[in-house]
Amino acid sequence: MVLKIFFPQCCNKADSGLLVGRWIPGQNSAVVLAVIHYPFIPGQVKQYIHQMRGQSGVDLTVLGSWSMPKEGQEGMESFLRDLSTIFPQGQWLQLSREMGKIGFRCHVLTRDPRGEKDKVIFIHYEQRKVMLSQLHPVDNGVPDPQTESQLPQVFGTVCQSEPLFFLDKYDDGPVKMTHWQSEGREGSIIVELMKQASTPVCLLTTWILTLWTSLCSSRILNVRPMRFISSKLSTCLQLSYRTEHLQTVCSPTRATAHNHFMRKANIFVSFFVDVSLGLLLVSWMYRENRIGKLANTLVPAADHVAKELEELLQWLMGAPAGLKMNRALDQVLGRFFLYHIHLWISYIHLMSPFIEMILWYVGLSACLGLTFALSLLSDITALLTFHIYCFYVYGARLYCMTVYGLSSLWRLFRGKKWNVLRQRVDSCSYDLDQLFIGTLLFTILLFLLPTTALYYLVFTLLRLVVVMFQGVLHLSVDFINSFPLFAMGLRLFRSYRLAEGVKFRVLCEEPGTPLHLMMDINPLKVSSVVQTYRTPTYSCYPKDSWLALCKKLFLGELIYPWRHKTTKID
Amino acid sequence: MQNGDQHYSMEDETYTDIDGKAISLECQSHSGFCREFTVSSAKVSIGRVMAYTCAVWLSAYIIFFVTENTAVLSSAIIITLVGMMVHIHFVKVDHETLLIIGSLGVQVSSSYASGRESTDFIEMGKIKDIVINEAIHMVRKIKDIVINEAIHMQTVIYYLCILLKDPSDPEAVSSVVPLFQSSKPRLNCLVKVYKSCQEILAKC
């Protein structure tokens, strides 16, 4: 088997010393994590490694020796070989590199007499990137170390060895090491300040949120009609949803698992963007009293819609598109709907002095986010077009009754009957009276069908237009809620943190040296990022397929094309 | 050329792909158990690019002549540019590489005409075998302009693929990863690559 040594790039130019790392069981590979320099006391090194093993949970050992002799430093070879007796190992690696040459040389001393001459591959990796990166698909459970494949083990080893990287060669510790932080510990004042400030802020926000949720679930607000209304209004839904999100983000416990951390970060960033867009919108709307102008155009707009509807009904009561309607039924239905419109307009006019004030205060709630503004818009549309919804329900019910009556009487006309027990059509012998009356009713309903069908068609189309508009608003709210902005930003600017795999590149080598490969991180594809890190939402999606929808429309059943998921699906 | 490698392309044999266009194979042996095979397909032909551009712009001019709307011309330019960029970035594959490293794994990468590389690495533990498989390839040809008929012809083509192990059942094959899908070399080219790969797989 070929021996694979994962060697960090930062140690390429390190001074001579001992190699510290981990042997990966079953794969005949070793991961080098750091180089401990001379002078050192072997007892202290052993103690330090034992301490690190406990802190990090990684099976650290001394793998071998590393020699890069500078000018004047000769005769290290025998010294290095003697070191193998101090640190007892199954296999002892002696890596050496000469100044001016690129390739390494490796000599393996093994205790096992039956081991034959191994071939060696050096795989160079960039330690900082591998430490920060997360290999996908993320394994949530505890993997079995025997069957796990090599790359996740390498990544896991480097990631868990963080305690090892705290001390470097410039510290006054018992050991002097070279690893990726030898160039100096990284830090940022802003990040540290934010970390310090985050705990009290989180505690405060959690307290406020618990107050708010207890208020919402109090007895006063849980009366039956209030609950029904709040389940229909999308603003209330969005409010409860955002409260849940905030509770996730502001929990004082640190997120340890990668998925949990990403979820928190995504929610935080999307909430931040949402609120800032909402504030922008509010500042734009309130600047030149645009909200007042909007309120002033709302009542005339409702009036205009009502006038258009009246004209439409007058057209239907005449001879629409050249069709001849049943005059009596036409007049009845037309007058019925006209009276409804009249009632609706009076109601709107009653409300008109208060509309500006209501809109002004309600518009302020857009400060909570752009999603709230969109949900508000959707709710206002629903309220203002309530009469269209009512007309649709009346028309649909009438048409539905007509169609069912017709189908039942048609069966009677042919001498058949619907058997409820067997759920099928059976033949049946009717009396003459039954047949006579049935046929009469059938004829009446048949000739009234065009009128009811036309009214049904017109109001269904109007209702569908309103539903489409609301659907677009809901889809955009859903998009803002669920799109993982933080993960996307990470993929674009720090692409090594989300890794799909690795890629290898053969490095130039000299004859006589083993093979050197460079391991780069292969970033996750953009579509996988969105799919993996999408925040689950109460997304509304079409309940029926197109065919089922058409069938329902044809039969006159009431349609509710968008359905809100009541339980989140993870 | 790199020191210490054996680098050779087959000058005595010319390879073609299944449609008859010329391709080239380059084998590089980095070490006893590490080899790299690169299959390059034909580059973007300037004649076809010019033909498409002229066709699009001519039709745009005709529409402009009829409608007197300058937006048609600018949209034609934008369409041509965007189409060319999309084609060289997402569609046109320049060369495909297979890097096999004994006891580590196999790396498959496609390099597009714009320089974008898409790479995939499969660990040796997941690979069951590398084989040449047969497939039936549907080719459509219009038999005759007079008859104006589309006839479906089937040809048998060969492709090189990697068989992956099923984690639960070591004897079963869980999936197949086909190689050299855009360049589609013929059997003689595939046999060379296959023999080389099998040498390395046998050693480790």
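Only a predicted model underlies this, so the values are computations on that prediction, with no experimental measurement involved. (Residues numbered from 1 in each chain as written. Chains lettered and ligands numbered in written order. Predicted model: local features only at pLDDT ≥ 70, side-chain atom pairs only at ≥ 80, totals over all residues. Heavy atoms only, no water.)

Residue and element names in this part refer to chain A. Residues annotated in UniProt with the feature "transmembrane region" (unreviewed entry) correspond here to residues 267-286, 332-351, 358-385, 391-413, 434-458 and 464-487. Taken end to end, residues 391-413 is 100% helix and 0% strand, and its two terminal C-alpha atoms sit 32 Å from one another. In this annotation, residues 464-487 is assigned 92% helix and 0% strand; the end-to-end C-alpha distance for the span is 37 Å. (UniProt positions renumbered as here; feature names shortened; annotations may be inferred. Helix = DSSP H or I, 4+ residues; strand = E, 2+ residues; numbered from the N terminus.)

Attention now goes to the interface of chain A and chain B. Each partner contributes to the interface: chain A provides 20 residues, whereas chain B provides 16 residues. Between chain A and chain B, the buried area comes to about 1600 Å², and carbon and sulfur atoms account for 64% of it. The largest share of the area that chain A buries against chain B comes from Phe-504, Val-506 and Glu-509 of chain A, three residues that together contribute 29% of it. Across the contact surface, chain A and chain B share 0 salt bridges. Linking chain A with chain B are 4 residue pairs in polar contact (both at pLDDT 80 or more), by the criterion used here. Within the residue set of the side of chain A that touches chain B, elements represented by two or more residues are strand S1 (2-8), strand S7 (119-125), helix H4 (150-160), strand S12 (498-506) and strand S13 (515-523) of chain A. Taken together, the residues that form the side of chain A that touches chain B break down as 13 nonpolar, 3 polar and 4 charged. (Contact = heavy atoms within 4.5 Å. Buried area = accessible area lost by both parts, 1.4 Å probe. Salt bridge = Lys/Arg side-chain N within 4 Å of Asp/Glu carboxyl O. Polar contact = N/O pair within 3.5 Å; in protein donor to acceptor, adjacent residues only side chain to side chain. Nonpolar A, V, L, I, M, F, W, Y, C, P; charged D, E, K, R; others polar.)

For the rest of this paragraph, the subject is the UniProt feature "transmembrane region" (unreviewed entry) in chain B. UniProt annotation of "transmembrane region" (unreviewed entry) refers to residues 49-66 and 72-91 of chain B when read in the numbering used here. The straight-line gap between the two end C-alpha atoms of residues 72-91 of chain B is 26 Å; of that span, 100% is helix and 0% is strand.

Right, let's get into the confidence of the model for chain B. All names here are of chain B. Residues with a pLDDT of 70 or more make up 87% of chain B, whose mean pLDDT is 84. Ranking the elements of chain B by mean pLDDT puts strand S1 (residues 6-9) last, at 55, and strand S6 (residues 105-112) first, at 94. Ignoring residues within four places in sequence, the model shows residues 143-147, a span with pLDDT below 50, making 3 contacts including any to other chains. Two numbers describe this predicted complex: its pTM, 0.82, and its ipTM, 0.82. (pLDDT = per-residue confidence, 0-100.)

To continue, consider the nonpolar core. Counting 50 residues, the largest nonpolar core has Leu-18, Leu-164, Phe-504, Leu-517 and Met-519 of chain A as the members making the most contacts within it. Residues Tyr-15, Leu-25, Ile-127 and Leu-164 of chain B belong to the second largest nonpolar core, which totals 25 residues. (Core = buried A, V, L, I, M, F, W, Y, C linked by side-chain atoms within 4.5 Å. Buried < 20%, exposed > 50% of the residue type's maximum accessible area, 1.4 Å probe, protein only.)

Glancing now at unusual backbone geometry. Negative phi is the rule for most residues except glycine; trans is the rule for most peptide bonds. The phi torsion at Gln-423 of chain A lies on the positive side, around 55°, for a residue other than glycine. By relative accessible area, Gln-423 of chain A is classed as exposed at 53%. Not every positive phi belongs to a glycine, and Glu-68 of chain B is a case in point at roughly 60°. Looking at where Glu-68 of chain B falls in the secondary structure, it is placed in the loop between helix H1 (46-67) and helix H2 (71-91). Exposure remark for Glu-68 of chain B: the relative accessible area of 61% places this residue in the exposed category.

Residues and elements named next belong to chain A. The contact between helix H8 (residues 258-287) and helix H11 (residues 370-384) brings their axes to 6 Å, and the two run at 60°. Judged by the angle between their axes, H8 and H11 are oblique. Contacts between H8 and H11 pair Asp-274, Leu-277, Gly-278 and Leu-281 from the former with Leu-370, Thr-371 and Ala-373 from the latter. (Axes fitted to C-alpha atoms, helices over the stretch in contact; angles between N-to-C directions. Parallel < 35°, antiparallel > 145°, perpendicular 65-115°, else oblique.)

Residues and elements named next belong to chain A. Across the 9 residues of S13, 7 count as buried, placing the element largely inside the fold. In terms of strand pairing, S12 meets S13 through 7 bridges, oriented antiparallel. Paired with Phe-504 across the bridge in S13 is Met-519. (Pairing = 2+ DSSP bridges.)

Before going further, it helps to examine the environment of Leu-421 of chain A. Residue and element names in this part refer to chain A. Here Leu-421 lies in the loop between strand S10 (416-419) and strand S11 (424-427). You can call Leu-421 exposed: its relative accessible area is 77%. Spatially, the C-alpha atoms of Leu-421 and Asp-520 are 70 Å apart, while their sequence positions differ by 99 residues.

Residue and element names in this part refer to chain A. This model, assessed by the stated rule, comprises 22 aromatic pairs over all chains. Here Trp-344 and Tyr-347 contribute two aromatic rings whose centre-to-centre distance is 5.6 Å and whose plane-to-plane angle is 45°, an arrangement assigned as tilted. Pair noted here: Trp-344 and Tyr-347 are both in helix H10 (residues 327-364), with a separation of 3 residues, about one helical turn. Among the aromatic residues, those joined into a cluster by ring pairs are Phe-336, Phe-337, Phe-391, Tyr-394, Tyr-455 and Phe-459. (Phe/Tyr/Trp six-rings, centres within 6.5 Å; stacked < 30°, edge-to-face > 60°.)

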